[in-house]
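Structural overview for review
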Amino acid sequence: MFQIDVMSRTPVYEQLVDQVEKFILTGILSEGDKIPSVRSLSMELSVNPNTIQKAFSELDRRGLINSVPGKGCFVSDKAKKALQVSRRGNLEGLSDQIRELALAGISKEEIISCVEKVFGEEDKK
């Protein structure tokens, strides 16, 4: 399920956080689903358990997982909503990028076509 790119400049814990976020947004992980334990992920990925724990701590801080002592970590019932809210904040940056594309001579139709292509790909999933 999880894959680590050892050649990436992105720290391993951030790769794990990004993957969990993507799994939640795409429905691979749903609310209440159990996340693999630190020990099992550490062994499976050959990653230091402290690195896995750092990722889990960050996911917990973001409200995406809940830790239940003695039982493990589970996807929070508010995880998808929290991700949607945080992603909505990216719209301002997207507006800036669109403005830059327009200044570079990219037409409105090309930009809209690109957006429609992305949403078309999402509809197929």
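Quick notes on the rules
- Residues numbered from 1 in each chain as written.
- Predicted model: local features only at pLDDT ≥ 70, side-chain atom pairs only at ≥ 80, totals over all residues.
- Heavy atoms only, no water.
- Axes fitted to C-alpha atoms, helices over the stretch in contact; angles between N-to-C directions.
- Helix = DSSP H or I, 4+ residues; strand = E, 2+ residues; numbered from the N terminus.
- Parallel < 35°, antiparallel > 145°, perpendicular 65-115°, else oblique.
- Left-handed = near helix turned anticlockwise from the far one by under 90°.
- Contact = heavy atoms within 4.5 Å.
- Nonpolar A, V, L, I, M, F, W, Y, C, P; charged D, E, K, R; others polar.
- pLDDT = per-residue confidence, 0-100.
- Buried < 20%, exposed > 50% of the residue type's maximum accessible area, 1.4 Å probe, protein only.

**Focus on the packing of helix H1 (residues 12-26) against helix H3 (residues 49-61)**
Close contact between H1 and H3 brings their axes to 8 Å; oriented N to C, the two are set at 45 degrees. As the angle between them shows, H1 and H3 are arranged oblique. Crossing of H1 over H3 shows right-handed handedness. Seen from H1, the contacting residues are Val12, Tyr13, Leu16, Val17 and Val20; seen from H3, they are Thr51, Ile52, Lys54, Ala55, Glu58 and Leu59. Residue classes in the contact of H1 with H3 are distributed as eight nonpolar, one polar and two charged.

**Observations regarding the environment of Ser67**
Within the fold, Ser67 resides in strand E2 (residues 65-68). Separated by 23 residues in sequence, Ser67 and Glu44 have C-alpha atoms that sit 20 Å apart. Not counting the four nearest positions on each side in its chain, Ser67 is found in contact with Gly72 and Cys73.

**A look at the confidence of the model for the chain**
Chain-level statistics for the chain give a pLDDT mean of 93 and a share of 97% at 70 or above. Mean pLDDT across the elements of the chain ranges from a minimum in helix H6 (residues 108-124), with 86, to a maximum in H3, with 97.

**Here we look at unusual backbone geometry**
Phi is positive for Ser46, which is not a glycine, with a value near 55 degrees. Summarising the element assignment, Ser46 is placed in the loop between helix H2 (38-45) and H3. Assessed through its relative accessible area of 68%, Ser46 is described here as exposed.

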